[in-house]
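For reference, the chains in residue letters:
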Amino acid sequence: MQWDSWITPAIRNLVIACGAVFLVQTMMALFNPSAYGWMNRVFGLMPLGVGFLPWQPVTYLFLHGGLWHLLFNMLFLWMFGVDIERSWGSRRFYTYFFLTGIGAAVITVLVKLALGAMGVPPSPIPTIGASGAIYAVLVAAAVMFPDRKMWLIPFPVTIPMRIYVIGAIAIEFFSTLGASGDNVAHVTHLGGILIGYLYLRRGSWFFRMRNGVSDWQRKRARRKFEVYMRKNRDQPPSRPDRWVN
């Protein structure tokens, strides 16, 4: 069986890394619960001033809070990410995954910092999981394959990828508004969505900006030419016409 026929290199490596880290977490939870808590606090994402360490915006992506958390994250990474990696290549996919995951972590830390400034104490529970980056992968799938049909499990209905992802984002957004607690996980998911969308649309914004500048330069040159023509319309030629027919 050819592994590369159904899983791509970057996704395979990410799944193996997350699975290996989860195995270590499980062994620690079974045999040394204090070490398990230490691992989550040191490598999970903590608020500024409450245990934050500079490597956490990367390492928190590989920790997971349970078997179902891991399985669903890896399933969605594989389902939505394989064709993206095939289109982009592994290097760009790695860049996108870590950029959006780190960006989601930065937004989470800033939101916690803002809440602390408003008098809301930050939760000491670490944020863990690759969900922020995986929501960004969903956004990339919706942008690249908007009309691809997706099964709306458990219903025997298919809907376009664009609608599927918009629905998932809407559910996440309203969960943030309605849930109790500090809603850190929802903020992380929405942060990944935002960073992913900005990354994917950056080229079109720069293209429009460049075209806008070019249009402005052409209009300015045309106005200068029209002013010059009006000023010199009644002036004789600078040299007499010596051509003879």
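Just so it is clear, the model here is predicted, and its values are computed rather than measured.

A. Fine view of the overall build of the protein chain. A tally of helices and strands in the protein chain yields eight helices and two strands. Traced from its N-terminal end to its C-terminal end, the protein chain shows the element sequence α-α-α-α-α-α-β-β-α-α. Burial status across the protein chain gives 34% buried among its 245 residues. Within the protein chain, contacts between residues separated by at least 24 positions form 71% of all contacts whose residues are at least 6 apart in sequence. By element, 67% of the accessible surface of the protein chain is carried by carbon and sulfur atoms, the whole surface being about 15400 Å².

B. Here's a closer look at the pattern of salt bridges. For the coordinates displayed, the defined rule picks out three salt bridges. A salt bridge links Asp 83 to Arg 148; its shortest N-O distance comes to 2.5 Å. A residue pair is termed long-range when its members are at least 10 positions apart, and Asp 83 in helix α4 (residues 67-88) and Arg 148 in the loop between α6 (131-144) and β1 (149-151) qualify at 65 residues. Owing to a relative accessible area of 25%, Asp 83 belongs among the partly exposed residues under this scheme. Among the residues examined, Arg 148 registers a relative accessible area of 34% and is labelled partly exposed. For Asp 147, the salt bridge identified is with Arg 162, shortest N-O distance 3.6 Å. With Asp 147 in the loop between α6 and β1 and Arg 162 in helix α7 (residues 161-178), this pair connects stretches of sequence that are 15 residues apart. The network of salt bridges with common partners includes Asp 83, Arg 86 and Arg 148.

C. Region of the structure containing the environment of Thr 59. Following the sequence through the fold, Thr 59 ends up in helix α3 (residues 56-59). On the accessibility criterion, Thr 59 (21% relative accessible area) is partly exposed. In this structure the C-alpha to C-alpha distance between Thr 59 and Leu 45, which are 14 residues apart in sequence, comes to 8.0 Å.

D. Fine view of the packing of aromatic side chains. Applying the stated criterion to the full structure yields ten aromatic pairs. Taken together, a centroid distance of 5.3 Å and an interplanar angle of 55 degrees make the contact between Tyr 96 and Tyr 199 tilted. Of this pair, Tyr 96 sits in helix α5 (residues 90-117) while Tyr 199 sits in helix α8 (residues 184-231), and the two are 103 residues apart along the sequence. The burial state of Tyr 96 is the same as that of Tyr 199; both residues are buried. Here the aromatic residues Phe 62, Tyr 94, Phe 97 and Phe 98 are joined through ring pairs into a cluster of three or more. Between Arg 92 and the ring centre of Trp 88, over which it is positioned, the NZ or CZ distance is 4.3 Å. Positioned above the aromatic ring of Phe 145, the side-chain terminus of Arg 148 is 4.3 Å from the ring centre.

E. Inspection of the confidence of the model for the protein chain at higher detail. Confidence along the protein chain averages 82 in pLDDT terms, with 78% of residues attaining 70 or more. For the protein chain, per-element mean pLDDT is lowest for α8, which scores 70, and highest for α3, which scores 96. Across residues 178-182, confidence stays below pLDDT 50; counting only partners more than four residues off in sequence or on other chains, it has three contacts.

F. Main features of the packing of helix α1 (residues 9-31) against α5. Running from amino to carboxyl end, α1 crosses α5 at an angle of 45 degrees, the nearest separation of the two axes being 8 Å. On the basis of the axis angle, α1 is oblique to α5. On the side of α1, the interface is formed by Pro 9, Ala 10, Ile 11, Asn 13 and Leu 14, while α5 contributes Ser 90, Phe 93, Tyr 94, Phe 97 and Phe 98. Here the contact of α1 with α5 is composed, by residue class, of eight nonpolar, two polar and no charged.

G. Structural detail: helix α2 (residues 33-43). Turning to α2, its buried residues are Ala 35, Gly 37, Met 39, Asn 40 and Val 42. Taken together, the buried residues of α2 touch α1 and α3.

H. Up close: the nonpolar core. One finds Leu 77, Phe 80, Ile 84, Phe 93 and Tyr 96 to be the most contacted residues of the largest nonpolar core, which totals 44 residues. Of all the secondary-structure elements, those providing two or more residues to this core are α1, α4, α5, α6, α7 and α8. It is α6 that provides the largest number of residues to this core, a total of ten residues. Contact partners of Phe 80, with chain neighbours within four places excluded, come to Val 137, Leu 138, Ala 141, Met 150, Met 161 and Tyr 164.

Thresholds, definitions, all that
- Within every chain, residues take consecutive numbers counted from 1 along the sequence as written.
- Reporting of local features is limited, given that this is a predicted model, to residues whose pLDDT is at least 70; pairs of side-chain atoms are given and counted only at 80 or more, and all residues count toward the totals for whole chains, interfaces and linings.
- Excluded from the side-chain calculations are hydrogens and water; all other atoms, namely the structure's heavy atoms, are used.
- Strands are runs of DSSP state E lasting at least two residues, helices are runs of H or I lasting at least four, and both sets are numbered from the N terminus onward.
- Exposed residues in this analysis have more than 50% of their type's maximum accessible area, buried residues have under 20%, and partly exposed residues fall in between, with area computed by a 1.4 Å probe over protein chains only.
- In what follows, residue pairs with any heavy atoms lying within 4.5 Å of each other are defined as contacts.
- Here the accessible surface of atoms and residues is derived via Shrake-Rupley with a 1.4 Å probe, and residues count as covered only by protein chains that are part of the display.
- Think of a salt bridge as a Lys or Arg side-chain nitrogen and an Asp or Glu carboxyl oxygen that are within 4 Å of each other.
- Geometry of aromatic contacts follows a simple scheme: Phe, Tyr and Trp rings, the Trp one being its six-membered ring, pair when their centres are within 6.5 Å, and the pair is stacked under 30 degrees between planes, edge-to-face over 60, tilted otherwise.
- Here, over-ring charges are defined by two tests on the NZ atom of lysine or the CZ atom of arginine: distance to the ring centre within 6 Å, and angle to the ring normal within 35 degrees.
- Confidence scores per residue from the predictor, reported as pLDDT, run from 0 to 100.
- Axis definition: a line fitted to C-alpha atoms, limited for helices to the stretch in contact. Angles are taken between N-to-C directions and run from 0 to 180 degrees.
- Small angles under 35 degrees read as roughly parallel and large ones over 145 as roughly antiparallel, with 65 to 115 read as roughly perpendicular and the rest as oblique.
- Lys, Arg, Asp and Glu make up the charged group, whereas Ala, Val, Leu, Ile, Met, Phe, Trp, Tyr, Cys and Pro make up the nonpolar group; the residues left over, Gly among them, are polar.
- Working definition of a nonpolar core: buried Ala, Val, Leu, Ile, Met, Phe, Trp, Tyr and Cys residues. They are joined through side-chain atoms within 4.5 Å.

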